[in-house]
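As a plain string of letters, each chain reads:
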Amino acid sequence: MDQKYIPKEIEQKWQAVWESEKTFKAFPDERKQKYYLLEMFPYPSGRIHMGHVRNYSIGDVIGRFKRMRGFNVMHPMGWDAFGMPAENAAIQNNSHPATWTYENIAYMRSQLKKMGFSYDWDRELATCDLEYYRWEQKLFLEMFTKGLAYKKTSFVNWCPKCETVLANEQVEDGGCWRCDTDVNQKELDQWFFRITDYAEELLENTSKLPGWPERVLVMQRNWIGKSYGCEIDFPVENSDTPLRVFTTRQDTVFGATFMSLAPEHSRAVELATPEHRDAVAAFIDKIRKTDRIKRTADDFEKEGVFTGSYCVNPLTGARMPVFLANFVLMDYGTGAVMAVPTHDQRDFEFAKKYDLPLKVVIQPEGVVLDPATMTEAYTEAGIMTNSGQFDGMPNSDAKESIADFLQNQGRGSKTVNFRLRDWGISRQRYWGNPIPVIYCESCGVVAVPEQDLPVVLPKDVAFSGEGGSPLAQMESFVACSCPTCGKPARRETDTMDTFVQSSWYFLRYCCPDFKEGILHRDSVDYWMSVDQYIGGIEHAVLHLLYARFFTKVLRDLGHVSADEPFTNLLTQGMVIKDGAKMSKSKGNVVDPDALITKYGADTARLFSLFAAPPEKDLDWNDQGVEGSFRFIGRIWKLVHDRLDMVKNAKTPDPGTLTSEERALRRAVHKTIRKVTEDVEDRFHFNTAIAAVMELLNTLQVAELATAQFPAVMKEALQSVILLMAPFIPHVTEELWQRLGSTVPLTHAAWPEYDEDAVIDEEMLIIVQVNGKLRSKITAAAGTGEDELKACALADEKIKPFLDGVTVRKVIFVPGKLVNIVVG
């Protein structure tokens, strides 16, 4: 038998066994508690990176541990395969996105298999597979029928480089989430999902997700953005249609002196009088090219243009000029803002710039604000003034009173507003799921009949990199017949946002081969919800919010029972090297293939798990990798050096062990307890591994010569192997076999610690005099308080401190110390 640790041979051997025996294939089993484990599936970019290795290693430890604890574990893997990178690569390499994508999938799959991850590969799916996206098209039609999918003209976020629309959540710091190009506004006909219908439930249920990081829940609550306020109608001069605003500060309405509209507001052009029309048009054009995020930044210069129109303050009767303002967006409220410059800083800056009137309506107690001398808006609490019948009231009370008054007068109404906007899903790209809709001049928008699904994404397309989606140029795809009247019609050429595919893939994993519908209800209800989901926090208001929305939609359509997709969420940290996140552009990428070739997959796994807790960033260092490799070598040598000693050993009899043997067994069982708690309760893999390292040190220095020693040592070696199995599965499987075990390690149970064995036989007690350490004493475990106090007072090292002084009291801290107070 080879005594040398050769990672490649061992890893290939056991990966072949696991694959041929389908060791990790999952089936519903009512005899066991199910455990659905999932990491966010990757985009098939071509190569896995160390971020993938860390993410999937974290998940694999949990999956293997839960399997050993008796759970029925499902741990699938797949590919988020549609998207612009494939299209861009096709243009650059003169290939087809499908070819590029499937070649990458094949390579990345082989990489993941080399890592020994415990995936059920029979459940593998790719979102670009026809058998996946056909059911997504059916889901779209069901949503369309229910009014949850609709089309409208709107201003959208447009990336000029990618030549496509972006959802609000996909604009990051004013740039495209894919390429960082500055995003501008463009008016287009777009398909939307009515996520706002679920805003209240999405918000309310954030309090029902105790297994999620609070940081993620706060981000979602803020993005949904529920606020209580009032809608107020401001009559417009020479118009029968008032301007409606939403405000949470109805207590300041008496101080409103002008109106600010978003340049995208539907009445922006209409309200421009002839002499102001050109200026208004130029301003609107300018703002369309301005980043939305910058527009709302506190330090962004406030700009506007007067429309020439006036509205009337419904409570004061004052004429208010109507401006377009660059800091007002259509994304919140109605896109019209009553401007109160004395009590809103943005309005204050705007009013100062355009010489607009200021009126104080809230005074701080003990101070009189003068509009002529104010240098900033007053936004704190105070007493109402210049507000008619509401003068003298605290402004917090006036909010409710003014809202009631407006409602009773028919000039406004109490309302709730959400920051969340409907999800625009139209993308002007080829490599995506076709939207199953047809346009007929006679019948209008017509859904593709279910029997005609799927609308197949054609393969014979030409990519030039110009002019947007090649689908729109492909007459053989566009031209069709109306399914209602039979007349010539045209097919929709937009494809769905790729976040649509990732919003329900975790459900399809439950029944990937089901061919009769979107989901197999019994299978989904058995496995859902996902018990543990793992991925990056960057998806807090993208994928994670959309997945929650889709789960609720599918529930209401009768496909699932679950209300929420993910019971527990772990957001892992990044992998950092040379002070920055690993990336090709920074030249600090570590190739997992090279790492596996040199050290083996177990070493790559161990380092990524030991170097930092899962939720923290991992700082890469080559010395840490070397150390992980040496530790595995130590385990290998420890077991091999003792094979002859323990091969015929039986289970140790605690009643016949010597004190030295009991001490060694105590160390083993304390380690079992420690590792179990760290893995099961906290996912503190680094401290769990450190505990096994400490045990290894204990075992290597143990030199016992009693007849029972082989039994204790065998139990210790078996425990080390079992405890490390989820972390380094290949080498532990090999050592388990070499120890003579007939049951494969993948089917072995997690070790249980012996409660009697972990009880200390002796305890060390610190002895203090007036709080300062003066001695240490040992006593048998269970020694009483009085006896320990007496031992402390009689200790030879303590007696000199007691000569000639009075012992005032003796303080006892159980199991830790005795403090003698003298004076």
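The rules we used
- Residues numbered from 1 in each chain as written.
- Predicted model: local features only at pLDDT ≥ 70, side-chain atom pairs only at ≥ 80, totals over all residues.
- Heavy atoms only, no water.
- Helix = DSSP H or I, 4+ residues; strand = E, 2+ residues; numbered from the N terminus.
- Buried < 20%, exposed > 50% of the residue type's maximum accessible area, 1.4 Å probe, protein only.
- Contact = heavy atoms within 4.5 Å.
- Pairing = 2+ DSSP bridges.
- Axes fitted to C-alpha atoms, helices over the stretch in contact; angles between N-to-C directions.
- Disulfide = S-S within 2.5 Å.
- Phe/Tyr/Trp six-rings, centres within 6.5 Å; stacked < 30°, edge-to-face > 60°.
- Salt bridge = Lys/Arg side-chain N within 4 Å of Asp/Glu carboxyl O.
- Polar contact = N/O pair within 3.5 Å; in protein donor to acceptor, adjacent residues only side chain to side chain.
- Parallel < 35°, antiparallel > 145°, perpendicular 65-115°, else oblique.
- Left-handed = near helix turned anticlockwise from the far one by under 90°.
- Nonpolar A, V, L, I, M, F, W, Y, C, P; charged D, E, K, R; others polar.
- Expected span 1.5 Å × (residues − 1).

K.L.:
I would appreciate a short explanation of the overall build of the chain in the present structure.
P.N.:
When helices and strands are tallied, the chain shows 26 helices and 32 strands. If you line up the chain on its principal axes, its C-alpha atoms span 105 × 85 × 50 Å. With 823 residues in all, the chain has 56% of them scored as buried. Pairs at least 24 residues apart make up 73% of the contacts formed inside the chain by residues separated by at least 6 positions.

K.L.:
Is there a simple way to explain the sheet that holds strand β31 (residues 807-813) in this structure?
P.N.:
Two pairing modes exist for strands in a sheet, parallel and antiparallel, and in both the strands are linked by backbone hydrogen bonds. In spatial order, the strands read β30-β29-β32-β31; together these four strands make up an open sheet with mixed pairing. Of all strands in the sheet, those bounded by a partner on one side alone are β30 (772-780) and β31. Here the strands of the sheet are splayed against their neighbours by 20° on average, with no regard to which way each runs. With respect to the sheet, helix α25 (residues 785-794) is in contact with β29 (762-769), β30, β31 and β32 (817-822), its orientation differing from that of β31 by roughly 125°.

K.L.:
Explain the sheet that holds strand β4 (residues 164-166) here, please?
P.N.:
Taking strand neighbours across the sheet as the criterion, the four strands line up as β4-β3-β7-β17 in an open arrangement whose pairing is antiparallel. A strand with exactly one partner marks an edge of an open sheet, and here the two such strands are β4 and β17 (423-424). Pairing between strand β3 (residues 149-159) and strand β7 (residues 184-193): ten bridges, direction antiparallel. When the sheet's bridge partners are listed, K152 is paired in β7 with Q190.

K.L.:
What is the right way to read the state of the cysteines from this model?
P.N.:
One covalent bond between the sulfur atoms of two cysteine residues makes up a disulfide. The full count for this structure, using the stated rule, is zero disulfides. C311 forms no disulfide, and the closest cysteine sulfur to it belongs to C230, at a distance of 16 Å. Of the cysteine sulfurs around C485, a residue in no disulfide, the closest is that of C440, at 3.6 Å.

K.L.:
How should I be thinking about the packing of aromatic side chains in this particular structure?
P.N.:
The geometry of an aromatic ring pair is captured by the separation of the ring centres together with the interplanar angle, meaning the angle of the planes. Taken as a whole, this structure holds 46 aromatic pairs when the rule is applied. Ring centres 5.9 Å apart and planes at 65° place the aromatic pair W18 and F24 in the edge-to-face group. Residue W18 is classed as buried on the basis of its relative accessible area, which comes to 6%. Owing to a relative accessible area of 6%, F24 belongs among the buried residues under this scheme. For the pair F82 and Y133, a centre-to-centre distance of 5.8 Å together with 50° between the ring planes defines the contact as tilted. Of this pair, F82 sits in the loop between β2 (72-74) and α3 (84-93) while Y133 sits in helix α5 (residues 130-145), and the two are 51 residues apart along the sequence. Classification of F82 by relative accessible area gives buried; the value is 1%.

K.L.:
Looking at this structure, I do not really get the pattern of salt bridges. What am I missing?
P.N.:
Oppositely charged side chains are able to pair whenever their charged atoms sit close together. Tallied over the entire structure, the rule returns 49 salt bridges. Ionic pairing is found between D233 and R244, a salt bridge with its closest N-O pair at 2.7 Å. Taken together, the residues D233 in strand β8 (residues 226-234) and R244 in strand β9 (residues 243-247) connect sequence positions eleven residues apart.

K.L.:
When you look at the environment of T498 in this model, what are you seeing that I'm missing?
P.N.:
Secondary-structure assignment places T498 in helix α13 (residues 498-501). Looking at T498, the relative accessible area reads 13%, which means it is buried. Along the sequence, T498 and W431 sit 67 residues apart, while their C-alpha atoms lie 9.3 Å from each other. Excluding its chain neighbours within four sequence positions, the residues that come into contact with T498 are D80, F82, G83 and R178.

K.L.:
Whenever I open this one, the side chain of S309 confuses me. Can you help?
P.N.:
Relative to the helices and strands, S309 is located in strand β11 (residues 304-312). A polar contact of 2.5 Å, which involves the side chain of S309, links it to the backbone oxygen of L271.

K.L.:
So what exactly am I meant to see when it comes to unusual backbone geometry here?
P.N.:
Peptide bonds are, in most cases, trans, and in most cases residues other than glycine have a negative phi. For the bond from L453 to P454, the omega torsion is 5°, close enough to zero to count as cis. Tracing the chain through its elements places P454 in the loop between β20 (444-447) and α12 (475-478). Of note, the amide linkage connecting M528 to S529 takes the cis form, showing an omega dihedral of 5°. With respect to the element layout, S529 can be found in the loop between α15 (521-527) and β24 (532-535). Despite not being glycine, K22 shows a phi value in the positive range, around 50°.

K.L.:
How should the packing of α3 against helix α4 (residues 97-114) be read in this particular structure?
P.N.:
When two helices pack together, their arrangement is given by the angle between the helix axes and by the axis-to-axis distance. Here α3 crosses α4 at 110°, and the two axes come no closer than 8 Å. Overall, the two elements α3 and α4 adopt an arrangement that is roughly perpendicular. Crossing geometry of α3 relative to α4 is assigned as right-handed. On the side of α3, the interface is formed by P85, A86, E87, A89, A90 and N93, while α4 contributes P97, W100 and T101.

K.L.:
Can you help me understand the packing of helix α23 (residues 709-724) against helix α24 (residues 729-738) in this one?
P.N.:
Running from amino to carboxyl end, α23 crosses α24 at an angle of 150°, the nearest separation of the two axes being 9 Å. Considered as vectors, α23 and α24 are oriented roughly antiparallel to each other. Where α23 crosses over α24, the two elements pack in a sense that is left-handed. Seen from α23, the contacting residues are Q718, I721, L722 and M724; seen from α24, they are T732, L735 and W736. When grouped by side-chain class, the residues that make up the contact of α23 with α24 number five nonpolar, two polar and no charged.

K.L.:
Help me understand the environment of K302 in this model?
P.N.:
Among the secondary structure elements, K302 is positioned in the loop between α9 (292-295) and β11. The sequence separation of K302 and E349 amounts to 47 residues, and the corresponding C-alpha distance is 6.9 Å. If we ignore the near neighbours within four places in the chain, the residues touching K302 are A297, N326, F327, R346, E349, F350, K353 and Y354. At 2.8 Å, the side chain of K302 and the backbone oxygen of F300 are in polar contact.

K.L.:
Which parts of the structure should I look at to understand α23?
P.N.:
The periodicity of an α-helix, 3.6 residues per turn, causes residues three or four positions apart to be oriented the same way. Over its 16 residues, α23 extends 23 Å from the first C-alpha to the last, a length consistent with the 22 Å expected when each residue adds 1.5 Å. Burial analysis of α23 places 14 of its 16 residues in the buried class, which makes it a mostly covered element.

K.L.:
Would you mind going over the side chain of H730 with me for this structure?
P.N.:
With respect to the secondary-structure elements, H730 resides in helix α24. With a relative accessible area of 0%, H730 lands in the buried category. Filtering out sequence-adjacent residues up to four positions away, H730 remains in contact with I10, E11, W14, Q15, W18, M115, G116, A601 and D602.

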